[in-house]
Every structure is written in structure tokens, then in C-alpha cells.
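Chain by chain, the residues:
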Amino acid sequence: MTRAVFFPVVALALALPAPRAQASVPSTIGAGARSMALARADVADAAPLDAGEQNAASAAEPGVRLRLGYSLAALGLTIDERQAGLDRASGIELGLQAGWRVGTEVTVGLALSGYVPHGHIARVVFRPVSEPQLVRYEAALARTVFDAVAAFSFHGLALGGGLTASLDVEGGGTDFELGQDGGGTRADAATDIELPYRLAPLVAARADLGPVKLGARFAGEQGVGLGLRATAVIALVDNPLDGSTTVRVDGVSGWQPARLAVGARFDLPARFAAHVAFEYSMWSAAPAPVANVDLDVDLRTSPELRQQRYGEAGFVDTFSPRVGLELEGGHAPGPEDWRWVLRAGYALSPTPVPPQRGQASWADATTHVAGAGAALRIGDAAGVDLVAGLGGQLSLLAERTMEKPNPALPFARYQVGGHIVAGALTLEGTWR
């Protein structure tokens, strides 16, 4: 029965719609120190506090857990061997998970997690499509994200699901008026900005088969939608350039695809555990992740409407293998219980950007990801198990030269490369 229910979840996930949410450091690099160190290979055995990002079914684990964490990613990516000038991504991670036994073999639980970057709620980046831009990293890492999931477990099978909540940027925009009459010069301005919530589905399953655990996870597509208008009206005496200018901008910034991941954990001799995962990312569904711009100018001379539209991004789907290894040590549970864990991981992340042949100049390369980390149980304080975790990750972009067939095209030849260095520190408390 366990296997009969587990595998159809994968088919169900593929059939779900994929509304937009927001990408972040947790969904791109890893949620918490453990997932970062394992290069996000922990799909089949995600920590309960990583349920929102890695596997919602793990929220059914009995106990109450709290987490406070900090993560930092320094982006040393380059275009033509020059720094791309990307801001570092840093922020605070918070998590709460609670699970209860409601029968001999039944547990239920829920998990809430959030990531808040420093300095802003969300970073939005739009630039001309002809300029080289790092589609996977330029805006995707600086996103506020909040996950809420629930799960239940019965006889070794756990099912979970929930939502990712995020914000879009919409509204009437900005109105500015500068005029002159018998009373003198006047100016007026008003701003109307809305931040509507967007929800995306999360679905996951996990099967405990003894020394082997299986897991599957689906998450909807991600991105920040932008829809704004700015209007300026000039009405000055004897000014030949009186008139109005209206700029409308809409598009998607920091888009990431819907992702389906499956994985397994194997218990090995000598207290080793191995993780294997495969993630399929649906990049071919990408819209043009740049702005559509309408510029409507009326200067009493030659009214005109300028429109700039871009076609589909033309990305390709990717298939990313991931592996991880954990080694546990320390004393057996008891009055002097203390434990440590060492972790390492590797992932191969193919690029979704095909060779560029037209006006667009997307910049990306296949990435090799190596992670490492450790955790230490630092004591039992007032009935609370405290565990400190440290994780690090190094991502290296394989140097790639993009050369268009026509040298007259913008950026007919450019080179992509560089690296990303990330780290996370977490402190977790568990009430059992």
C-alpha cells in the first residue's frame, strides 16, 4: 500500500497549476544549514523545519521545534571577466514546526517558515533584453518568502501540502503634475502602490521503508509580477513642451520554474547515510522575464505611442542530479547525550539558457555546487534540546562563451563565469 500511494503523488504534482510566488535563498541555495550543506539533496529525509522548501511531508514529525538562522550569499559572477556587480543576498530565517501523535501509527503536524532579506522586501530587476543578464541569480535570491504546510503520517507513509505566500507589485502608480496659473506655480504628486498576495502550491510525499526512505516534492513557478504606471503632466505658461507623459511597465522579475524533485535516503554501515535526488525544472514555460514598456508621449507637437515587446525567453527544461552524505557520531542517548553530524553534498545544475542567436543576451552557464557543514547538540536546557548547525556552499559556473551568428547583433560575443559563496548558521530548539 505504501508504494501504491507514493508514486501516484508524482503524477498528481505534474498535473497541478503553477501560480507565481517568490524565489529566495532557501529555494535556490538551501533552507537552513543542513539543506545547504547537502546541496538540497535531502528530498527524501528533509528536516521538519525545512518542510516548506524541501518536503512538506516531514512536517508530521512528532515534537515542537523552533529555529533562528542567518544566511549570506556573496555573488562573484562575471560578464566578460568583469564583476557583474550583483548585490550580496543575506537575511534571517525563522521556522516553527509542531507534530502530534493522534494514534498508535498516526501523526499530524504543521510547519511555518519564513525568509526575510536585509534591506528590502523584494529586489526587482529589469533591464533591456539585449544586455547580458544573469537570469538565475540577478534578482531571484533577494526575495521575502513565507511557507505554510501541513502533513499526516500513517504506517510509514507521509503526505503533505501547503502554500507559499508572496507579494506582487501593482497599483495605479505615480501621478505628478507641474502647472502654472494666475496664482503662481503649483506642483502635486500622488502614489498608489498595492502589494497583493500571491499563493503557490506545495505538494510532497515521503515513504519510510526501513533502511530506505523515498520522497517526492512539487513546487509551483516563482517570480515577482510588476504592473505600474507613472504619469507626468506639465502645464507651464509659454512652455512649448507642455503635455503629458505616461509610462506603463509590466513583466516578471526573478522568475523561477515549477520544479519536481524525487529522492531517496539510504542508511549505510558505520552510521553513514546517503542522499540522492533528481530535480526537474520546467524552464521552457518561462515568460519573457523582462518588462513590457509602453511610452505614451504628448508634447503638443507630434503625439506618439512607443511600445517595446519581447518574445518568449526560449529557455529549455533542466534535469539536476544531487547527492549528499551524512556521518553521525557521539554518545548514545542518555543523561550525557551529545551528538555531532558531518555533512557534504554535490549538485550538477545545467543551464536553461540555450545559445543566443538574436536580440536577447541571456547569461548563464552550467553550475557545479559543492556543500559542506556540521551540527552539534549543545545541551539540554530546561527540557529543550539545542542544536547548532553550520553550512556552506560553493557554486562554480563553468566558463561559457556566448557567440551569436551575426556580429552586428548587440553583444554578439560575451563570456559568462564566476562563483557564488554561501553560508548559513542556525540554532534550533526541540521540545519532545
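For the structure, check the block above.
Residues numbered from 1 in each chain as written. Predicted model: local features only at pLDDT ≥ 70, side-chain atom pairs only at ≥ 80, totals over all residues. Heavy atoms only, no water.

**Describing the layout of surface pockets**
- Of the volumes computed, that of the largest pocket is approximately 900 Å³.
- When residues of the lining of the largest pocket are traced back to their parent elements, those giving at least two are helix 3 (32-37), strand 1 (63-79), strand 18 (318-330), strand 19 (339-349), strand 21 (367-381), strand 22 (384-397) and strand 24 (413-431).
- Classifying every residue of the lining of the largest pocket gives 11 nonpolar, 3 polar and 15 charged.
- Estimates place the volume of the second largest pocket at around 300 Å³.
- Lining the second largest pocket are 15 residues, with E61, T107, S153, R206 and D208 positioned closest to its centre.
- Of all the secondary-structure elements, those providing two or more residues to the lining of the second largest pocket are strand 7 (157-167) and strand 10 (197-208).
- Grouping the constituent residues of the lining of the second largest pocket by class yields 5 nonpolar, 4 polar and 6 charged. (1 Å grid on protein atoms, 1.4 Å probe; cavity = no way out; pocket = protein on both sides within 12 Å on 5 of 7 lines; lining within 4 Å. Points joined across faces, edges and corners; volume = space filled by probe spheres on them. Helix = DSSP H or I, 4+ residues; strand = E, 2+ residues; numbered from the N terminus. Nonpolar A, V, L, I, M, F, W, Y, C, P; charged D, E, K, R; others polar.)

**Thoughts on the pairing of strand 15 (residues 272-281)**
- Bridge count for strand 14 (residues 259-268) against strand 15 is 10 bridges, and the pairing is antiparallel. The partner of L268 across the bridge, within strand 15, is F272.
- Linking strand 14 back to strand 15 in an antiparallel pair, the connection comprises 3 residues, with A270 at a positive phi of about 65 degrees.
- In the sheet, strand 15 pairs with strand 18 via 10 bridges, with the strands oriented antiparallel. If you follow S281 over to strand 18, its bridge partner there is T318. (Pairing = 2+ DSSP bridges.)

**Overview of the nonpolar core**
- Core analysis: the biggest nonpolar cluster contains 29 residues, and A73, L77, L134, F315, W362, V416 and I420 have the highest contact counts within it.
- Broken down by secondary-structure element, the contributors of at least two residues to this core are helix 3, strand 1, strand 20 (362-363) and strand 24.
- Per element, the largest residue contribution to this core is 5 residues, and it comes from strand 24.
- Beyond its immediate chain neighbours, meaning those up to four positions away, A73 contacts I29, R88, A89, I420, V421 and A422.
- Among the nonpolar cores identified, the runner-up in size contains 10 residues, and A56, V149, A151 and A204 belong to it. (Core = buried A, V, L, I, M, F, W, Y, C linked by side-chain atoms within 4.5 Å. Buried < 20%, exposed > 50% of the residue type's maximum accessible area, 1.4 Å probe, protein only. Contact = heavy atoms within 4.5 Å.)

**Considering the environment of T430**
- Considering the arrangement of structural elements, one finds T430 in strand 24.
- Assessed through its relative accessible area of 9%, T430 is described here as buried.
- T430 sits 44 residues away from L386 along the chain, and the two C-alpha atoms are 6.7 Å apart.
- If we ignore the near neighbours within four places in the chain, the residues touching T430 are V64, R65, G383, V384 and D385.

**As for a nonpolar patch on the surface**
- Together, L66, L96, W100, V102, L110, L112, F146 and W431 make up a nonpolar patch on the protein surface, roughly 700 Å² of accessible area in all.
- When its relative accessible area of 32% is taken as the criterion, L112 is described as partly exposed. (Patch = residues over 30% accessible without salt bridge, like charges linked within 9 Å, V, L, I, M, F, W, Y side chains within 5 Å. Areas by Shrake-Rupley, 256 points an atom, 1.4 Å probe, with all protein chains shown as cover. Salt bridge = Lys/Arg side-chain N within 4 Å of Asp/Glu carboxyl O.)

**Remarks on the pattern of salt bridges**
- As enumerated under the stated definition, the model contains 17 salt bridges in all.
- For R34, the salt bridge identified is with D45, shortest N-O distance 3.5 Å. Placement of R34 in helix 3 and of D45 in the loop between helix 3 and strand 1 is noted, with a sequence separation of 11 residues between them. Each member of the pair R34 and D45 is classed as buried.
- Among the ionic pairs, R67 bridges to E428, the shortest N-O distance being 2.9 Å. Of this pair, R67 sits in strand 1 while E428 sits in strand 24, and the two are 361 residues apart along the sequence.

**Brief notes about the environment of P62**
- Position of P62 relative to the elements: it lies in the loop between helix 3 and strand 1.
- On the accessibility criterion, P62 (25% relative accessible area) is partly exposed.
- It is 4.1 Å that separates the C-alpha atoms of P62 and G99, two residues lying 37 residues apart in sequence.
- Once you skip the residues sitting within four places of it in the chain, P62 turns out to touch G99, W100, R101 and T107.

**A few points about the packing of aromatic side chains**
- Going through the model one piece at a time under the given rule, you end up with 3 aromatic pairs.
- On the basis of an interplanar angle of 10 degrees and a centroid distance of 5.6 Å, the ring pair of F278 and F319 is categorised as stacked. In this pair, F278 sits in strand 15 while F319 sits in strand 18, placing the two residues 41 residues apart along the sequence.
- Here F319 falls in the partly exposed class, since its relative accessible area comes to 48%.
- Three or more aromatic residues joined by ring pairs form one cluster here, namely W283, F315 and W362. (Phe/Tyr/Trp six-rings, centres within 6.5 Å; stacked < 30°, edge-to-face > 60°.)

**Some details on unusual backbone geometry**
- Phi angles above zero are rare outside glycine, and A39 is one such case at about 55 degrees.
- On the basis of relative accessibility, which here comes to 1%, the residue A39 falls in the buried class.
- A positive phi angle, near 55 degrees, is found at D80, a position not held by glycine.
- Topologically, D80 is positioned in the loop between strand 1 and strand 2 (82-83).
- The exposure class of D80 is partly exposed, given its relative accessible area of 37%.

Bear in mind that shape data such as this cannot, by itself, settle questions of function.
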